[in-house]
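# Structural characterization, general
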Amino acid sequence: MGVPQAMAALRDKAALVRESLQKSQTITESMVSILGSFDHRLSSLETAMRPTQIRTHSIRRAHENIDKTLKAAEAILGRFDLTRKAEAKILRGPHEDLESYLEAIDQLRSNLQYFTTHKCFKRTSGIITHANNLLTKAISKLEDEFRNLLTNYSKVVEPDRLFDGLPDSLRPSATSPGKRNDSKKDSDNQKNSENAVYTPPTLIPPRVLPLLHNLAQQMVQAGHQQQLFRIYRDTRASVLEQSLRKLGVERLSKDDVQKMQWEVLEAKIGNWIHYMRIAVRIRVKMLFAGEKKICDQILAGIDSLRDQCYAEITANSVSVLLSFGEAIAKSKRSPEKLFVLLDMYEIMRELQSEIDYLFGTKSCTEMRESAQSLTKRLAQTAQETFGDFEEAVAKDATKTAVLDGTVHPLTSYVINYVKFLFDYKTTLEQLFQEFEESDTEAQLKTLTKRIMEALQTNLDGKSKQYKDPALTQLFLMNNMHYIVRSVRRSEAKDLLGDDWVQIHRRIVQQHANQYKRISWAKVLQCVTIQGAAPAGGGGILGGDSGSGISRAMVKDRFKNFNAQFEDLHMRQCQWNVPDSELRESLRLAVAEVLLPAYRSFHKRFGPMAESGKNPCKYIKYKPEDLERMLSEFFEGKTCVEQKR
């Protein structure tokens, strides 16, 4: 196709497009005109309907307001009805139905909150005032009910009830203080105590506790914490104190303690130790632990009030219990008090963790510190008493002499004292640690040795009271033997050691040898003749009729022997060697020296005395007579007994 033809075709198409655009514009203008007409009509219609819409909206809001008013009226009427019912229950009081009474108080409190929040009509203030007055009366009646319930169900616990179900080891006077059972028995008692089933007394019946708890909660909600505190404290404190008094607990001063006979005081200390266990032991839940338990239940959720209440309930009772310990610790020290002091110190240490638990709150700080202070004071007094004992042993000036040379009372007292000390070995080690960190066993060993040395020194002094030096040696032998034997049979042996025992056994032997030398040297001289041996042989006597020994000399020797032996027999039968083995050993040692010498003398020179006049005057005893008479030595017989 040529260019002219193409141009012509293009012009035709452009004309067609132009025609189409013109038609579209015409249609658009027509639509705009139509739409404008619709907008005008709609505007007119809306204007016409607006009053109707306004009336419809007003009617709808009126209906909504009516519904709200009706609902509010129903709620108010309901509250009035609930208030009326609650008022009726409150006016009847809590005695008939406490649970319903408490519900009425809750309802009244809720209504009061409602009317305070919804002050929507003129009489609201009057209703609030009435409700407040009614609530005040209700809480006042609650206080009375709380007081009555607590008082009626808080009974003093009788001692028999406290002891029911307790093992013997926890009962008063089961074991005297200062006198330990053997370790096996202690172990068995401890095991039985741990396995025993305890029946703690009912301080308040379990069914009453929830009621008391609810009453307490209501009083707190009403702002009556202080009234609740006073009622609970005064009631329970009085009951607890009366229970302790019936048990036997009493407040004693240092002067009261000082005036008591030792036996009475010792019994009171023993009972005090048991009272402490009964009062404090958590496991048996008797007094303080039981008091804490019911306090926690009744005042649950009121922590600050609960802790303060428990502290003030128990404060005086704890003070009375601890005052006895303080009085003992402050009273005049004496050796016999050491063991009861150790018993008291031991029980305070034993109960320390339970005291810390029972009185662990800030409110109970004073009681906890008082217990700790008593423990330290008992430890200090015990340590000072221990020191006093050593000094008392060294300075004991008892003038009463043991006339028969037996074991002195001081010796048996000191040895028993030391043996008891080893029953308290663990306690003593704990006591030493109260004041210094050191080797407690070495410290105990040193103290024991010093006591033994003080005893020996004192016995040496007492031995000088005897005019007869032989009796002096017998006295020292008896006492030293008693000491050694007692140490060997006790725990002291492990502490003092074998060397100490061997050294002191040799000392016993030395005193025995000294006794033999002093007592029998002159007697032996009577049956021993110094000089040349007789013709045909020698012998103990060193001479016979052929060596210039006259009959007169022989008679004189027999006569002197008889007199001296009879004198020794008369005196030394009154002397006493209490240990049977030592007594036989000493008799044997004397017989081994005396009898061979006398037999030899009697055999070789007896015929010279017998050939003269009155031979019985000189040869009064045969060797077997002497042996029999030696068996009567050291029996501690009186002169009357000997004559018989």
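Residues numbered from 1 in each chain as written. Predicted model: local features only at pLDDT ≥ 70, side-chain atom pairs only at ≥ 80, totals over all residues. Heavy atoms only, no water.

The name recorded for the protein chain in an unreviewed UniProt entry is Exocyst subunit Exo70 family protein, from Gossypium raimondii. Here is the UniProt Function (unreviewed entry) comment for the protein chain, exactly as written: "Component of the exocyst complex." UniProt annotates the protein chain under Sequence similarities (unreviewed entry) with the comment "Belongs to the EXO70 family." (UniProt positions renumbered as here; feature names shortened; annotations may be inferred.)

Another aspect to go through is the overall build of the protein chain. From N to C terminus, the protein chain includes 24 helices and zero strands. Within the protein chain, buried positions represent 42% of all 644 residues. Put simply, 81% of the contacts in the protein chain that link residues at least 6 apart link residues at least 24 apart. Counting only carbon and sulfur atoms, one obtains 51% of the accessible surface of the protein chain, whose full area is about 35,300 Å². (Helix = DSSP H or I, 4+ residues; strand = E, 2+ residues; numbered from the N terminus. Buried < 20%, exposed > 50% of the residue type's maximum accessible area, 1.4 Å probe, protein only. Contact = heavy atoms within 4.5 Å. Areas by Shrake-Rupley, 256 points an atom, 1.4 Å probe, with all protein chains shown as cover.)

The next subject is the packing of aromatic side chains. Applying the stated criterion across every chain, the model contains 21 aromatic pairs. Ring geometry for phenylalanine 339 versus tyrosine 424: centroids 5.8 Å apart, planes at 40°, classification tilted. Here phenylalanine 339, found in helix H12 (residues 337-350), pairs with tyrosine 424, found in the loop between helix H15 (409-423) and helix H16 (425-433); they are 85 residues apart in sequence, far enough to count as distant. Above the face of the tyrosine 310 ring, lysine 292 is positioned so that its terminal group lies 5.4 Å from the ring centre. Against the face of tyrosine 357 rests lysine 292, its NZ or CZ located 5.7 Å from the ring centre. (Phe/Tyr/Trp six-rings, centres within 6.5 Å; stacked < 30°, edge-to-face > 60°. Lys NZ or Arg CZ within 6 Å of the ring centre and 35° of its normal.)

All right, on to the packing of helix H14 (residues 365-395) against H15 then. Where H14 meets H15, the closest approach of the two axes is 12 Å, and the angle between their N-to-C directions is 155°. Considering their axes alone, H14 and H15 lie roughly antiparallel with respect to each other. Judged by the sense of rotation from one axis to the other, the crossing of H14 with H15 is left-handed. Where H14 approaches H15, its residues Phe386, Phe389 and Val393 are matched on the opposing element by Leu410, Tyr413, Val414, Tyr417 and Leu421. (Axes fitted to C-alpha atoms, helices over the stretch in contact; angles between N-to-C directions. Parallel < 35°, antiparallel > 145°, perpendicular 65-115°, else oblique. Left-handed = near helix turned anticlockwise from the far one by under 90°.)

A contiguous nonpolar patch, built from Ile27, Met31 and Ile34 and spanning about 290 Å² of accessible area, is present on the exposed surface. As for its placement among the helices and strands, methionine 31 is situated in helix H1 (residues 3-92). We classify methionine 31 as partly exposed; its relative accessible area is 44%. (Patch = residues over 30% accessible without salt bridge, like charges linked within 9 Å, V, L, I, M, F, W, Y side chains within 5 Å. Salt bridge = Lys/Arg side-chain N within 4 Å of Asp/Glu carboxyl O.)

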